[in-house]
Amino acid sequence: MRFTTVRTMLAGRLHLSTGPRTFAVEEVPVPVPGPGEVLVEVRAAGVCLSDVHLIDGSLRPLRLSDAVTLGHEVAGVVHSLGPDVAGDWAPGARVTLQAGQSCGRCADCLRRRPCRLPLTRGVDYDGGWARYALAREDTLVPIPDTLPFDQAAIIPDAVSTPYAAVVQTGQVRPAQAVGVWGAGGLGAHGVRIARMAGAAPVIAVDPLPGARERALAFGADVALDPADPGFAAAVKEATGGRGLEAAFDFAGVPAVREQAAAVLAPGGILVLAGLTPQPLTVTDGTRFSYRQNQIRGHYGSSPEHVEQLVRLAATGRLDLAPSITDHVPLADAADAVARLENKTGDPIRLILVP
């Protein structure tokens, strides 16, 4: 084992304790791994829209603290080990980190069942917008030498959330008609995953022309403007009159949900992957019930989804290179947040590099 002699590092910190939230890149002590923990030298960290919402206050952490280092999409190399690390980890091992971990203290955790109160990296505990990040050893996922750090970093969340939404919550099967609302950081990958799952047709819906063009490049069969007066007719034509067997809201916009519910096929499912505190409404409840439609909430992914996606990316089944819009120095994290918030250049994923 080897330990860093560097005592401080840069980190992107969100201060929550008093007054308005403030974000700044500042010098903080390098963390020291405790029992069962590993110190990871960060090589790449994704900037997610949920990071933007944490900073602007529209997304509230479940567990408040005075300050937290942001960043739940992280990849790097093992730097040093804390006491009692049971796994076969060694300095230099290439890893990506699960976006969260079990709380370890609820009744489910104590009974070794799936945790119902999971903690999120970069929200409930310090994340990877830093030179070094602590990780519990059971959250490490090994990555091969052939998988670049920037692509590995975005697998937890940017790719795994839509992957889980499509294959698990939406249970998409080959030849099903699928609609994806929002072709940004999550939705663009939702398009790719739906196509990989065999959905046909895959219909992308986004108000931005550039996003629609990107969705087509990512595998959508059709890309529609939600404001088009002929929208419903276009969906009907593209699906042979059936409607959508599965519709995915990756935008988190109430109007999206109304529009998606109206074009579901009988028995069709609406999956809510985009987050919003706004009320959920279905205008024509009788029609919705008569056609036996369903609404399913979705949040995040499970550890096995990240492991599966690492294999898919490592074997060339899923090329994530087109998802990396730009690399930004960690010191300029605030600029990256502004670019994503304002959709400057219509980014999919910006990568912070320490």
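Please refer to the structure placed before this passage.
Because the structure is predicted, anything quoted here is derived from the model rather than measured. (Residues numbered from 1 in each chain as written. Predicted model: local features only at pLDDT ≥ 70, side-chain atom pairs only at ≥ 80, totals over all residues. Heavy atoms only, no water.)

Engineer: Tell me about the sheet that holds strand 4 (residues 67-69), and name the residues and values.
Structural biologist: Strand order in this open sheet of three strands is 2-1-4, and the pairing throughout is antiparallel. Every interior strand has two partners, whereas the edge strands, strand 2 (22-29) and strand 4, have only one. Averaged over all neighbouring strand pairs, the angle between strand axes comes to 45°, with direction disregarded. Where strand 1 (residues 8-15) and strand 4 come together, three bridges link them in antiparallel fashion. Note that in strand 4 the partner of Leu-14 across the bridge is Val-68. (Pairing = 2+ DSSP bridges. Helix = DSSP H or I, 4+ residues; strand = E, 2+ residues; numbered from the N terminus. Axes fitted to C-alpha atoms, helices over the stretch in contact; angles between N-to-C directions.)

Engineer: Quick rundown of helix 5 (residues 209-217)? Include the residues and the values.
Structural biologist: Buried within helix 5 are the following residues: Ala-211, Arg-212, Arg-214 and Ala-215. Down the axis of helix 5, the buried side of the element spans an arc of 160°, and every buried residue falls inside it. Helix 5 presents Glu-213 and Ala-217 as exposed residues on the side facing more than 90 degrees away from its buried surface. Packing partners of the buried residues in helix 5 comprise helix 4 (187-196), strand 12 (202-205) and strand 13 (222-224). Just beyond helix 5, the residue with positive phi is Gly-219, at close to 120°. (Buried < 20%, exposed > 50% of the residue type's maximum accessible area, 1.4 Å probe, protein only. Arc of directions from axis to C-beta. Contact = heavy atoms within 4.5 Å.)

Engineer: Explain the pattern of salt bridges to me, using residue names and the numbers behind them.
Structural biologist: By the definition in use, this model includes twelve salt bridges. The partner of Asp-221 in a salt bridge is Arg-195, and the shortest N-O contact between them spans 3.6 Å. Of this pair, Asp-221 sits in the loop between helix 5 and strand 13 while Arg-195 sits in helix 4, placing them 26 residues apart in sequence. Judged by relative accessible area, Arg-195 falls into the partly exposed class, the value being 46%. Via salt bridges that share partners, Glu-41, Arg-43 and Arg-131 belong to a single interconnected network. (Salt bridge = Lys/Arg side-chain N within 4 Å of Asp/Glu carboxyl O.)

Engineer: Report on the environment of Gln-101, specifying residues and quantitative values.
Structural biologist: Within the secondary structure layout, Gln-101 lies in strand 7 (residues 100-101). Classification of Gln-101 as buried rests on a relative accessible area of 15%. Along the primary structure Gln-101 and Met-9 are separated by 92 residues, whereas in three dimensions their C-alpha atoms are 24 Å apart. Not counting the four nearest positions on each side in its chain, Gln-101 is found in contact with Pro-118, Leu-119, Tyr-125, Arg-136 and Thr-139. Among the polar contacts listed, one links the side chain of Gln-101 to the side chain of Tyr-125, at a separation of 3.4 Å. (Polar contact = N/O pair within 3.5 Å; in protein donor to acceptor, adjacent residues only side chain to side chain.)

Engineer: Describe the sheet that holds strand 14 (residues 244-249), with residues and values.
Structural biologist: Pairing within the open sheet is parallel, and its six strands lie in the order 13-12-11-14-15-16. Only two strands of the sheet have a single partner each, and these edge strands are strand 13 and strand 16 (294-297). When strand polarity is set aside, the average angle formed by the axes of neighbouring strands in this sheet is 20°. Pairing analysis gives four bridges linking strand 11 (residues 178-181) to strand 12, with the strands arranged parallel. Bridging from a neighbouring strand, Val-180 pairs with Ala-204 of strand 12. This element, helix 6 (residues 231-238), spans strand 11, strand 12, strand 13 and strand 14 of the sheet and lies at about 170° to strand 13.

Engineer: Can you explain the packing of helix 3 (residues 149-169) against helix 4? Please cite residues and give values.
Structural biologist: For the pair helix 3 and helix 4, the least separation of the axes is 9 Å and the interaxial angle reads 50°. The angle between the axes of helix 3 and helix 4 places the two elements in the oblique class. As helix 3 packs across helix 4, the resulting crossing turns out to be right-handed. In this structure, helix 3 uses Ile-154, Ala-158, Val-159, Pro-162, Tyr-163, Val-166 and Val-167 to contact helix 4, whose residues at the interface are His-189, Gly-190, Ile-193 and Ala-194. (Parallel < 35°, antiparallel > 145°, perpendicular 65-115°, else oblique. Left-handed = near helix turned anticlockwise from the far one by under 90°.)

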